[in-house]
Amino acid sequence: MENDAYNWIDIPQPSEQPDAGEEHQSSSGEGAELITTGEGIEMSNAGEEMEDSTGKGGNEFSDNEFNNKEAVVQNEITPSSPQIHVQDRPDIHEVRNTENSSACTLLPTSCYSLPPRQNRGKPPNRYSPNGKISYAITKVLLLYIMVTSSFFLPRVESLSSSGIQSIPREYIRPQEELTSITNVFEEEKKVEGPQVPTIDLEGIESEDKVVREKCREELVKAAKEWGVMHLVNHGIPDDLIDRVKKAGKAFFDLPIEEKEKYANDQASGNVQGYGSKLANNASGQLEWEDYFFHLIFPEDKRDNSVWPKTPCDYTEVTSEYSRLLRSLATKVLSVLSLGLGLEEGRLEKEVGGLEELLLQMKINYYPKCPQPELALGVEAHTDISALTFILHNMVPGLQLFHEGKWITAKCVPNSIIMHIGDTVEILSNGKYKSILHRGLVNKEKVRISWAVFCEPPKEKIILKPLTEVVTEAEPPLFPPRTFAQHIEHKLFRKTQHSLLPGKAG
Ligand SMILES: O=C(O)CCC(=O)C(=O)O
Ligand SMILES: [Fe+2]
C-alpha cells in the first residue's frame with residue numbers, strides 16, 4: 001500500500017516552485033560522475049576523466065555530497081573497473097525536463113527515469129496500481145543506486161547509513177516550506193502556546209454518570225477543536241504496547257536485505273510489506289522514511305504471508321494489539337456519535353462495523369537525517385481514515401497545523417495519539433476535524449511510529465454528511481463519495497488555491 005496513500009500532500013503544490021535545492025547545493029566537478037555515451041549513460045569514478053563530462057560544472061552535487069559519493073564509489077568500485085555502464089540497464093532512461101514542464105521544477109534539466117517497479121512512485125499506489133506516470137530521479141540518486149548496485153530506489157535507511165552529509169535533492173522540500181522546518185527537539189521543549197490535548201479515558205464507561213459525561217465531553221471537545229489528542233488510560237496494557245514496539249523495532253533492526261524479502265510491489269498491486277515513500281508528483285519529491293504496511297484486522301482479511309516472521313512474537317503481539325485497538329475504536333466512535341446527537345452505534349455502522357472497517361498498520365521508520373531542516377519524514381497531509389491511532393518510540397516528530405501554526409506533539413508516556421480522519425470529518429459534516437499534520441526528522445535519533453488507520457471499505461459505502469447533522473444553516477460541506485473516490489479526489493486534485501490547508505472537500 002503505499003501507504004503513501006495516507007500521506008499524499010493535501011496541499012496543492014505551488015505551480016512555480018523555486019529550485020529548493022539550489023541554495024544548499026554548491027557545485028563541484030570532481031570525482032564520480034554519470035556520463036552519457038551515445039544513447040547510454042555510464043558512471044565513472046575515474047577522477048580527472050570524470051571531471052565534468054557535461055561541461056556544466058557537475059552542479060548536481062554539493063561538495064559534501066560529492067565527497068561522500070566519491071567515498072562510496074571508492075568503496076564499491078575497484079580501480080580496475082572504474083566505470084559502470086548504464087547501457088546494460090535498458091530499464092533506466094535519461095529524460096529531459098523541459099522548461100515548459102512546470103511540474104518538474106524541482107529537478108535539473110537532465111534526470112533519469114526508472115521503470116514502475118522501481119518507482120515506488122505514486123501513482124501507481126495501492127489505490128491506483130496501474131497508474132502510468134513515470135518518475136524521474138536526479139543524477140545524484142541514480143549515482144547512489146548504481147554504486148550500491150541496487151536495482152531499486154535506495155531505502156532511506158541505506159542513504160542515512162551511507163554517511164552522506166547532504167541529502168539528495170529529491171528529499172529537499174520546496175523553498176516556501178523550508179522556512180517552517182525547525183529543530184524538533186527545540187520545538188518539543190516549548191511550553192507556551194496551544195498544546196495537543198490529553199484525554200483521560202479512565203471514565204469513558206464509568207458507572208458514575210457525571211464522571212462518564214465529563215470524560216466524553218472532553219473527548220468530543222478535543223475532536224471538534226483539534227481533531228487529534230493524546231489518549232491516556234486507554235485500556236490497552238502498557239506491556240503489550242511495549243512488546244508491539246519491540247517487535248516492530250526488531251523487524252527494522254534486521255539487515256536491509258532481510259527486510260527486502262518483504263518488499264511490496266505496488267506496480268503489481270501488492271501494496272502490503274516493506275516500502276519507501278513514493279514520489280506523488282512529477283517533481284519527484286521524496287520523504288525521509290521507510291515503512292512496513294499491512295492489514296491487521298479483521299483477521300479473515302489478513303494476508304499472513306506478508307507478516308514479518310522475525311521477530312517470532314511479531315504476529316502474536318500485533319494481533320492482540322489489533323483486537324484491543326478495534327474495541328477502543330468502537331468506544332471512541334460511540335462517544336463521537338453521542339457527541340453529534342446520534343445513537344451510539346451510528347458512526348461505527350457508517351464506517352463498516354466489525355466486518356468491514358479495516359485496520360491497516362503502517363510502521364513508519366524515520367532514519368537519522370544529516371540535514372533535518374531540509375526534509376520531512378511525512379509531508380503535510382490529513383489522514384483519510386475514520387480514526388488513526390499512533391504509537392511512537394518517544395522521539396518527537398509529529399507536528400499538527402493548528403490555528404495557522406505548526407505545533408509539535410509532546411511525547412506523553414503511555415499514551416496513544418488519536419487522529420480524527422477525513423471519513424469522520426465528512427460524516428460529521430466538518431464538526432469533527434481531520435487535522436493537517438506532518439513528521440519532522442532529526443540528526444540524532446531514529447524515530448519509529450506505529451500508525452493504525454481504521455478505514456471504511458473502498459466501494460461499499462458512500463461517505464457523505466449524515467442527514468441528522470445537516471441543516472439549512474449547515475448545508476453539506478462534502479459531496480457524496482465512496483472512500484475510493486475520496487482517495488482519488490485527494491490524490492489527483494489539481495487545485496492551486498493556497499498553500500494551507502486543503503482538507504477533505
Ligand atoms: O509518524 C507520525 O507520528 C505520523 C505518521 C503519519 O502521519 C502517517 O503515517 O499518516
Ligand atoms: Fe497521518
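Definitions and cut-offs
In this convention, every chain numbers its residues from 1, walking through the sequence in written order. To label them, take the chains in the order written and letter them from A, then take the ligands in the order written and number them from 1. In keeping with the predicted nature of the model, local features appear solely for residues at pLDDT of at least 70, side-chain atom pairs appear and are counted solely at 80 or more, and the whole-chain, interface and lining totals rest on all residues. Neither water nor hydrogens contribute to the side-chain values; these are computed over all heavy atoms in the structure. For the purposes of this entry, the term helix denotes a DSSP run of H or I that reaches at least four residues, the term strand denotes a run of E that reaches at least two, and both are numbered from the N terminus. Think of it in three bands: with a 1.4 Å probe and only protein chains considered, a residue is buried below 20% of the maximum accessible area for its type, exposed above 50%, and partly exposed in between. For accessible areas, the Shrake-Rupley method is used with a probe of radius 1.4 Å. Any residue's cover is judged against the shown protein chains and nothing else. Sodium, potassium and calcium take a 3.2 Å donor cutoff, other metals 2.8 Å, and in both cases only N, O and S atoms count; water is not among them, so sites may look incomplete. Two strands are counted as paired when DSSP detects at least two bridges linking them. Comment: axis = line fitted to C-alpha atoms, over the contacting stretch for helices; angle = value between 0 and 180 degrees taken between N-to-C directions. In these notes the angle categories are as follows: under 35 degrees is roughly parallel, over 145 is roughly antiparallel, 65 to 115 is roughly perpendicular, and the rest is oblique. In what follows, a contact means two residues having at least one pair of non-hydrogen atoms within 4.5 Å. Residues are grouped as follows: Ala, Val, Leu, Ile, Met, Phe, Trp, Tyr, Cys and Pro are nonpolar; Asp, Glu, Lys and Arg are charged; every other residue, Gly included, is polar. To define a nonpolar core, start from buried Ala, Val, Leu, Ile, Met, Phe, Trp, Tyr and Cys residues and group those joined through side-chain atoms within 4.5 Å. UniProt positions are given in the numbering used here, feature names are shortened, and annotations may be inferred rather than shown by experiment. The working definition used for a salt bridge is a side-chain nitrogen of Lys or Arg within 4 Å of a carboxyl oxygen of Asp or Glu. Crossing handedness is defined as follows: a turn of the near helix away from the far one that is anticlockwise and smaller than a right angle gives a left-handed crossing, while the clockwise case is right-handed.

Observations concerning the overall build of the chain
Looking only at helices and strands, the chain features 15 helices and 20 strands. For the chain, the residues scored as buried account for 59% of the 505 residues in total. When the accessible area of the chain is evaluated, it comes to approximately 20,200 Å², of which 51% is carbon and sulfur surface.

Digging into the coordination of the iron ion (ligand 2)
At the metal site, the iron ion (ligand 2) is ligated by His381 (NE2), Asp383 (OD) and His437 (NE2), and these contacts range over 2.1 to 2.2 Å. Taken in chain order, the donor set of the iron ion (ligand 2) reads H-x1-D-x53-H. A relative accessible area of 3% places His381 in the buried class. A residue is classified by how much of its surface remains accessible, and Asp383, at 2% relative accessible area, is buried.

A short note on the sheet that holds strand S17 (residues 437-439)
Across the sheet, which stays open at both edges, the four strands sit in the order S12-S17-S14-S15 with antiparallel pairing between neighbours. In the strand order of this sheet, the two ends are held by strand S12 (378-381) and strand S15 (405-408), each with one partner. Along the sheet, successive strands turn relative to each other by an average axial angle of 20°, direction set aside. For S12 and S17, the ladder comprises two bridges, and the chain directions are antiparallel. Within S17, the residue paired with His381 across the bridge is His437.

Some remarks on the packing of helix H8 (residues 209-225) against helix H11 (residues 314-339)
For the pair H8 and H11, the least separation of the axes is 9 Å and the interaxial angle reads 80°. Judged by the inter-axis angle, H8 sits roughly perpendicular to H11. Of the residues in H11, those in contact with Arg216, Leu219, Val220, Ala223 and Lys224 of H8 are Val332, Val335, Leu336, Leu338 and Gly339. For the contact of H8 with H11, the class distribution of residues is seven nonpolar, one polar and two charged.

With respect to the nonpolar core
Counting 69 residues, the largest nonpolar core has Leu219, Tyr321, Leu336 and Phe389 as its most contacted members. With ten residues, the single largest contributor to this core is H11. In this view, Tyr321 contacts Ile236, Leu240, Ile241, Val244, Met361, Leu391, Ile416 and Val452; residues no more than four positions away in its chain are not counted. Residues Ile167, Ile172, Tyr366 and Leu376 belong to the second largest nonpolar core, which totals 23 residues.

Side note on the sheet that holds strand S7 (residues 198-200)
Adjacent strands of a sheet form backbone hydrogen bonds with each other and so pair up, either parallel or antiparallel. Strand order across the open sheet formed by eight strands is S7-S8-S16-S13-S18-S11-S10-S9, with mixed pairing between neighbours. At either margin of the open sheet sits one strand with a lone partner, and together these are S7 and strand S9 (273-276). Here the average twist between neighbouring strands, direction ignored, is 25°.

Focus: the environment of Glu488
Here Glu488 lies in helix H15 (residues 483-492). Sequence separation of Glu488 and Ala451 is 37 residues, and the distance between their C-alpha atoms is 21 Å.

Re the side chain of His230
Structurally, His230 is set in strand S8 (residues 228-232). When its relative accessible area of 2% is taken as the criterion, His230 is described as buried. Beyond its immediate sequence surroundings of up to four residues, His230 is in contact with Val196, Pro197, Thr198, Ile199, Ala409, Lys410, Val412, Ser415, Ile416 and Ile417.

Topic: the UniProt feature "domain: Fe2OG dioxygenase" (unreviewed entry) in the chain
Residues annotated in UniProt with the feature "domain: Fe2OG dioxygenase" (unreviewed entry) correspond here to residues 357-456. In this annotation, residues 357-456 is assigned 6% helix and 45% strand; the end-to-end C-alpha distance for the span is 5 Å.

A look at the pattern of salt bridges
Under the defined criterion, the tally for this structure stands at 22 salt bridges. Here Arg323 makes a salt bridge to Glu299, at a shortest N to O gap of 2.7 Å. Of the two residues, Arg323 sits in helix H11 while Glu299 sits in the loop between strand S10 (290-297) and H11, which places them 24 residues apart along the sequence. Its relative accessible area of 35% is what places Arg323 among the partly exposed residues.

Digging into the packing of helix H9 (residues 238-253) against H11
Two numbers describe how H9 lies on H11: the axes approach to 9 Å, and their chain directions differ by 135°. Judged on the interaxial angle alone, H11 and H9 are oblique. Both H9 and H11 take part in a crossing whose hand is left-handed. Contacts between H9 and H11 involve Leu240, Ile241, Arg243, Val244, Ala247 and Gly248 on the former and, on the latter, Tyr314, Glu316, Val317, Glu320, Tyr321 and Leu324. For the contact of H9 with H11, a count of residues per class yields eight nonpolar, one polar and three charged.

A few points about the pairing of strand S16 (residues 416-420)
Along S16, five of the five residues are buried, which leaves the element largely enclosed by surrounding structure. Every second residue of S16 is oriented toward a common face, with Ile416, Met418 and Ile420 on one face and Ile417 and His419 on the other, all of them buried. Bridge count for S8 against S16 is four bridges, and the pairing is antiparallel. By the bridge assignment, Met229 is partnered in S16 with Met418. Two elements, strand S13 (residues 387-392) and S16, share four bridges in a ladder whose sense is antiparallel.

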